[in-house]
Amino acid sequence: MTDWNAYRAHLSQSVKVLAKLSPNTLEGLQKLETVAPEHKHLDDKTRELISLAVAVTTRCDGCISVHTVAAKKAGASKEEIAEALGVAVALNAGAALVYSSRALDAFDTVKD
């Protein structure tokens, strides 16, 4: 995929179809996304940088597409986005290490 704008437009249409077929699914997501904390401690840019890092770790192209636009609109620079993504990469590597040890533990439980 190289045309993120076309992807975002396509995704928007696909979500509308899903919303018609399963309105409770979309309503539930919207409730999660719009829950406003009583006291905002993070600004919009920080929230979007976190969202991008999470989008990368969960491998969600739709989230990457949407939150990249939102991060830029919130004032995030390309350098800030790269730094947030670096944190995501580091976390994924750490998680891979931890889960690698779990795989070895699982191997050790296999009876011959």
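Residues numbered from 1 in each chain as written. Predicted model: local features only at pLDDT ≥ 70, side-chain atom pairs only at ≥ 80, totals over all residues. Heavy atoms only, no water.

Q: How do you make sense of the nonpolar core when you look at a structure like this?
A: Generally speaking, soluble globular proteins have nonpolar side chains that are buried together. By size, the foremost hydrophobic cluster in this structure holds six residues: Leu49, Leu52, Ala71, Ala76, Ile81 and Ala84. When contributions to this core are tallied by element, the ones reaching two or more residues are α3 (44–57) and α5 (78–109). In contact with Leu49, not counting residues within four places along its chain, are Ala76, Glu80, Ile81 and Ala84. (Core = buried A, V, L, I, M, F, W, Y, C linked by side-chain atoms within 4.5 Å. Buried < 20%, exposed > 50% of the residue type's maximum accessible area, 1.4 Å probe, protein only. Helix = DSSP H or I, 4+ residues; strand = E, 2+ residues; numbered from the N terminus. Contact = heavy atoms within 4.5 Å.)

Q: Which parts of the structure should I look at to understand the packing of aromatic side chains?
A: Here the structure, examined in full by the defined rule, presents one aromatic pair. Considering the side-chain rings of Trp4 and Tyr7, the 6.0 Å spacing of their centres and the 85° angle between planes classify their relative orientation as edge-to-face. One end of the pair is Trp4 and the other is Tyr7, both in helix α1 (residues 4–21) and three residues apart, which spans about a single turn. For Tyr7, a relative accessible area of 23% translates into the label partly exposed. (Phe/Tyr/Trp six-rings, centres within 6.5 Å; stacked < 30°, edge-to-face > 60°.)

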